[in-house]
Amino acid sequence: MYSTLYIDDDASFLSIGKRFLEKSGEIQVDTLVSARKAPDILKENSYDLIIADYEMPGMNGIELLKKLREEGNTIPFIIFTGKGREDVAIEALNSGASFYLQKGGEPHVQFTELINMINRAVTQKKAELELARKAEDLSRINEELTAKEGELRHIVEHMTRQESIIRENEERFRLVLEATSDGIWDWDLRSNKAYFSDRYFQMLGYEPGEFESSVESWRSIIHPDDLKHAQSVIRESIRTKNAVFDIESRFRTKDGSYRWIHIRGKAVAWNDDGSPRRIVGSHIDISYRKQMEDSLLVSEEKYRLLAENSRDLIFRIRVPEGTFEYISQSVRGICGYTPDEFYQSPVLLQSVIAPSSHEYFDKAWKELQQGIIPEEFEFQVLSKTGELKWVNERNVPIYNESGRLVAVQGIVTDITNRRIAEEQNLENIKKYEILFETIPTGIIITDDTGHIRELNRNAAEILGISQEDLRDDTNHLEWTMFGQDGEVIFKGTTFSLGKRIEGEEILGREYGVVSPYGHIIWVIANTSPLRVQGYGSVLSFQDISERKRTEQALFTVNKKLSLLTSITRHDIKNSLSALRGYLYLLDEEIRDREQQEFIARLKNIAGDINRKIEFTSTYQKIGATNPEWQDLSGILGGLSADGITIENLAEDVRIFADQMLSLVFENLVLNSRMHGEKVTRIWFSTRHEDQNLVLVCEDDGVGIREEEKEAIFERGFGKNTGFGLFLIREILSITNLSIRENGVPGAGARFEITIYQGTFQPKK
C-alpha cells in the first residue's frame, strides 16, 4: 500500500481523484488544497509519493517541487495538471519530477495511467535506495575482509618466523651447552655440598662465587611456587638408575626478577645400599624460548579467534592428499556443511563445487598439485540446501624446509551479492546507453580539456552534422551562436565551442545556432560540470526551431489582436462618452426624483464600464513586451504621494521583470493611500532568504484583516474596481516573481515580493 499526498486547489477534482486512486486498492491518499501547507504536512507525516497540480494560488506544483529538492527531500513527485505547455513539462522534469501527466480525456484512462506512474515512481525509488544500501554494505564488507586478510597473512607469516626462530634457538642452546657446559652443577648427597660453575652464576646476573654453592642457596633462589614440584621430580627420578630428570622452573636473578631455567640432571654415583650419592646436571636459561612460546600461544589464539569469527571461510588443505588440516566454522554459512563433515569426508569438496564450475575447478586443482598456485579465482558453489553462490578464493602456498609444496592456505569469501550488483550495474549501463541514444534531447559531453568525448545521435541530427565530424577537432568547422536579441555571442571552431561548454554553466537558455553548412537552428540548452575525473561538462539541448516559428506567428497574431482591441476600445469609449453626455443632459432636464435615481444608476454603470475598459488597456500591455533588467532605485525614486513620506531603504539592485514593473509600486502606494486610512509613511526595504531576495513594502496605516490577506489579490475585490493588486500579481508573475501580504492587522500593511535567484543582480 503506497501512502500518497495529493495536492490540487480544485476540491471537486481532488475528491474524484482520491476515489479513483484508492479504488485501485494499492494507494492510500491524503488530500490538500494548498501547496503552501505541504512542507508542514511532510514534517508530521511520511509519504511514498506526492501528486501536485501545477497552477495553484500561492505556490504552484513546480515551486513546491523545487523547495523540497532544495531541502534535500527526494520523495517521488508527479505533476498532474491541465497545463499542457511543453516548457512546463520540461521544467517539471528538470526540477526533479518523476513524471508529468496532463489532465483531460476519459477519467478512468488518465487515472489508470496515473496509478501506473505512481507504481513505477515508488518502485524505482525503492530500488534505488536498496541498490545504494547494498552497494554501501558491499563496500564495507570488502573493506573489512581486506583488512582481515592482511592481518591473517601477517599472523601466518609471524607464526612461520617464530617456529623457525624457536627451532634455531633450541639448536643453538644445545650447541652452547655442549661447548661450554652451560650452568653446570654437582651435588654431593653425603656432605650436602654443591658445586656451581661460573656460567651458573652469570646466567642469573651474579659474579662467579658471589653466593655459596649449596643446596640451600639453590632452594633460596628458585621460585617458591616451583620448589615443591622440582624437589618431587628430583626425588622420584634418582630412585632409578640412569633415570634423567627434566624440569623447567623460575629462578630469581640478582636484580630480583625471575628467569626460566631448564634443569636437567642425573644420579651418577650410588652408595653400597643402592641409594644415590651424587647428582650432576645443568642449568640452561630458557627465558627467551618461554617468551617466544607465550607469544606464539597468543598469536595462535588470535588466529583461532579471527578464523572462528570471520565471515570468510578460512582453510588449510594438504597437497596432494586433498585433506583438510583446518576449516573454519564459517563454512556453515557458505556451504551449509560443518567442519567435521569435511574432515570426515574430503570428497565432499567435489560435491560442493557447482556443475557450472567443475571444469574450471578441476583445472585449477591439477595446476595446484603441480605447484601453480593462482593467487585469486572465482567460481560457484552449491550449498547443502541447493542454493547457488559465487565465491572468491585467495591462496597462499605452504612449503616444507626442502621447498616442496605441502599445503595451501586460503580464504573464501561469499561474493554473491557483489556479483548480483555487478550484473545490475552492467544492466544499468546498458539502460544508460539505450537512453543516451534514444532520448530526444541532444547530449554532448566534453573532457577536462574541452574536447568532445561523447555525443548521441540526436545531438548530431539537431545540429545537422554527422557524429564523426563533431568529434573531429581537426576539421576546423566554424560555428556561430547568437542570443534571442540577435547578438552574436560566439563564433569559432568545434574545439572552441567545446571549451566554451566546458567553462560555462547554463540553465534553460535559448540560443540560435548557425551550423558550418549555414543551417539556423534554435535550441534551449543546459550545461553543468561533471565531477568525474577526466570529464569536463555535459551539454543537453532540444530543438525549439518549430516553437520559435510558432512564437513569431503568435507575436504577429497578438500584435494584430492588440491593434484590433485598441481600435474597438477607442470606438467603445467614444460611444460611452456620448452616452455619458446624454445622461448628463437628461439629468439637467428631468426633475422627477425617481427618474433622477435611475439616471444616477446609469451614470454609475457607465463609469464602471469606463473603468473596465481602462483596465483592459492596462492588462493588454502585461507581457506584451519582453522582460528586461530594471533599476529598482530609479523606479522607487520616482514614486510620490501627497502628504505621505516615501523612503527607499532597499539594496541598489536590478530586477529582471516585465516592463510594467513601475506600475507595481505605483499601485502599492495608491493602495496605501486609498485603504490605509491614516498612512503618513511608506518605506521599502530588502532582506535575503537562502539564495533569494525579498523586497518589502510597508506602511503605518490600519493594515489588512487576516481573512482578506489572500482575497485582496483577486480581480474585483475591494471597495473600488479591485484591479490594482490583481494587476500587481499578474505583472510579477511574468518572470515568476511572487507577492504576499503578511502585515499585522492594525499595525500597517506589509507586502513582500520574493525575487528568486537569477532574476536580480547588484547594480553595475
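Residues numbered from 1 in each chain as written. Predicted model: local features only at pLDDT ≥ 70, side-chain atom pairs only at ≥ 80, totals over all residues. Heavy atoms only, no water.

(A) Focus on empty space enclosed by the protein. Throughout the structure, instances matching the rule amount to five cavities of 30 Å³ or more. In this structure, the largest cavity encloses a volume near 300 Å³. Surrounding the largest cavity, 24 residues form its lining, F315, L349, F361, F379 and E393 being those nearest its centre. Put simply, the parts of the chain that give the lining of the largest cavity at least two residues each are β11 (313-318), β12 (324-327), α10 (331-335), α12 (348-352), α13 (358-369), β13 (376-382), β14 (388-399) and β15 (405-414). Looking at the lining of the largest cavity element by element, the count peaks at four residues for α13. (1 Å grid on protein atoms, 1.4 Å probe; cavity = no way out; pocket = protein on both sides within 12 Å on 5 of 7 lines; lining within 4 Å. Points joined across faces, edges and corners; volume = space filled by probe spheres on them. Helix = DSSP H or I, 4+ residues; strand = E, 2+ residues; numbered from the N terminus.)

(B) Up close: unusual backbone geometry. Residue V319 is joined to P320 through a cis peptide bond whose omega torsion reads 10°. If you trace the backbone, P320 turns up in the loop between β11 and β12. You will see that N192, though not glycine, has its phi angle at about 60°, which is positive. Inspection of the secondary structure assignment puts N192 in the loop between β6 (184-188) and β7 (193-196). Even without glycine at this site, E677 takes up a positive phi of about 65°. Counting through the fold element by element, E677 comes out in the loop between α21 (661-675) and β26 (681-689).

(C) Examining a nonpolar patch on the surface more closely. Nonpolar side chains collect at one region of the surface, where Y582, Y584 and L585 lie side by side and expose about 380 Å² of accessible area between them. Tracing the backbone through its elements, the reader meets L585 in helix α18 (residues 545-589). (Patch = residues over 30% accessible without salt bridge, like charges linked within 9 Å, V, L, I, M, F, W, Y side chains within 5 Å. Areas by Shrake-Rupley, 256 points an atom, 1.4 Å probe, with all protein chains shown as cover. Salt bridge = Lys/Arg side-chain N within 4 Å of Asp/Glu carboxyl O.)

(D) Structural detail: the environment of Y47. Structurally, Y47 is set in the loop between α2 (38-44) and β3 (49-52). With 19 residues separating them in the primary sequence, Y47 and Q28 have C-alpha atoms 9.7 Å apart. Apart from the residues within four sequence positions on either side, Y47 is in contact with S3, T4, L5, D30, I41, L42 and I75. Here the side chain of Y47 touches D30 through a polar contact of 2.7 Å, side chain to side chain. (Contact = heavy atoms within 4.5 Å. Polar contact = N/O pair within 3.5 Å; in protein donor to acceptor, adjacent residues only side chain to side chain.)

(E) Region of the structure containing the sheet that holds β11. What the five strands build is an open sheet, ordered β12-β11-β15-β14-β13; its pairing is antiparallel. What marks the edges here is a single partner per strand, and that holds for β12 and β13. This sheet shows a mean twist of 25° between the axes of neighbouring strands, independent of strand direction. Bridge analysis of β11 against β15 gives six bridges, and the strand direction is antiparallel. Among the inter-strand pairings, F315 is bridged to a residue of β15, identified as G410. Helix-sheet contacts for α13 involve β11, β13 and β15, and the interaxial angle to β13 is about 130°. Each of β13, β14 and β15 is contacted by helix α14 (residues 416-438), which is oriented at about 120° to β14, the strand it contacts most. (Pairing = 2+ DSSP bridges. Axes fitted to C-alpha atoms, helices over the stretch in contact; angles between N-to-C directions.)

(F) The arrangement of α13 in detail. Taking 1.5 Å of rise per residue, twelve residues should cover 16 Å, and α13 covers 17 Å from first to last C-alpha, within 8% of that figure. Looking only at α13, the buried set comprises F361, A364, W365 and L368. Considered in projection along α13, the buried side chains sweep an arc of 100° and stay on one side of the axis. Facing away from the buried surface of α13 by more than 90 degrees, the exposed residues are E359, K363 and K366. (Expected span 1.5 Å × (residues − 1). Buried < 20%, exposed > 50% of the residue type's maximum accessible area, 1.4 Å probe, protein only. Arc of directions from axis to C-beta.)

(G) Inspection of the packing of helix α3 (residues 61-70) against helix α4 (residues 86-94) at higher detail. Two elements in contact, α3 and α4, have axes whose closest approach is 10 Å; the angle formed by their N-to-C orientations is 15°. The pairing of α3 with α4 is recorded here as roughly parallel in orientation. As α3 runs across α4, the sense of the crossing is left-handed. Two secondary-structure elements touch here, α3 through I62, L65 and K66 and α4 through V88, E91 and A92. Taken together, the residues of the contact of α3 with α4 break down into four nonpolar, no polar and two charged. (Parallel < 35°, antiparallel > 145°, perpendicular 65-115°, else oblique. Left-handed = near helix turned anticlockwise from the far one by under 90°. Nonpolar A, V, L, I, M, F, W, Y, C, P; charged D, E, K, R; others polar.)

(H) Highlighting the packing of aromatic side chains. Tallied over the full model, the rule gives 22 aromatic pairs. On the basis of an interplanar angle of 65° and a centroid distance of 6.1 Å, the ring pair of F196 and F201 is categorised as edge-to-face. Residue F196 is classed as buried on the basis of its relative accessible area, which comes to 7%. On the accessibility criterion, F201 (2% relative accessible area) is buried. A connected cluster of aromatic rings, assembled from ring pairs, spans F196, Y200, F201, Y206 and F211. Between the NZ or CZ atom of R681 and the centre of the ring of W683, over which it lies, the distance is 3.9 Å. (Phe/Tyr/Trp six-rings, centres within 6.5 Å; stacked < 30°, edge-to-face > 60°. Lys NZ or Arg CZ within 6 Å of the ring centre and 35° of its normal.)

(I) Representation of the sheet that holds strand β4 (residues 77-81) in the model. The strand order across the open sheet built from five strands is β2-β1-β3-β4-β5, with neighbouring strands paired in parallel fashion. Edge positions in the sheet fall to β2 (27-32) and β5 (99-102), since each has one partner strand and no second. When strand polarity is set aside, the average angle formed by the axes of neighbouring strands in this sheet is 20°. When β3 meets β4, the two strands line up parallel, connected through three bridges. When the bridges of β4 are listed, I50 appears paired with F77. Across the face of the sheet, helix α1 (residues 11-23) comes into contact with β1 (2-7), β2, β3 and β4 while running at roughly 170° to β2. On the sheet, α4 packs against β4 and β5 and is oriented at approximately 155° with respect to β5.

(J) Inspection of the nonpolar core at higher detail. Grouped together as the largest cluster of nonpolar side chains are 37 residues, with contacts concentrated most on F665, L668, F751 and I753. If you tally residues by element for this core, the top one is α21, at six residues. Once residues within four sequence positions are removed from consideration, L668 is found in contact with C697, L725, I728, I739, F751 and I753. The next biggest cluster of nonpolar side chains, apart from the first, holds 26 residues, and it includes I317, I327, V352 and V412. (Core = buried A, V, L, I, M, F, W, Y, C linked by side-chain atoms within 4.5 Å.)

(K) Representation of the packing of α21 against helix α22 (residues 724-733) within the structure. Put simply, α21 and α22 touch, their axes get as near as 9 Å, and they point 155° apart. As judged from the angle between their axes, α21 and α22 are roughly antiparallel. In the crossing of α21 with α22, the sense of the turn from one axis to the other is left-handed. Residues L661, L663, V664, N667, L668 and N671 of α21 touch α22, and the partners they reach there are G724, L725, I728, I731 and L732. Of the residues in the contact of α21 with α22, the class split is eight nonpolar, three polar and no charged.

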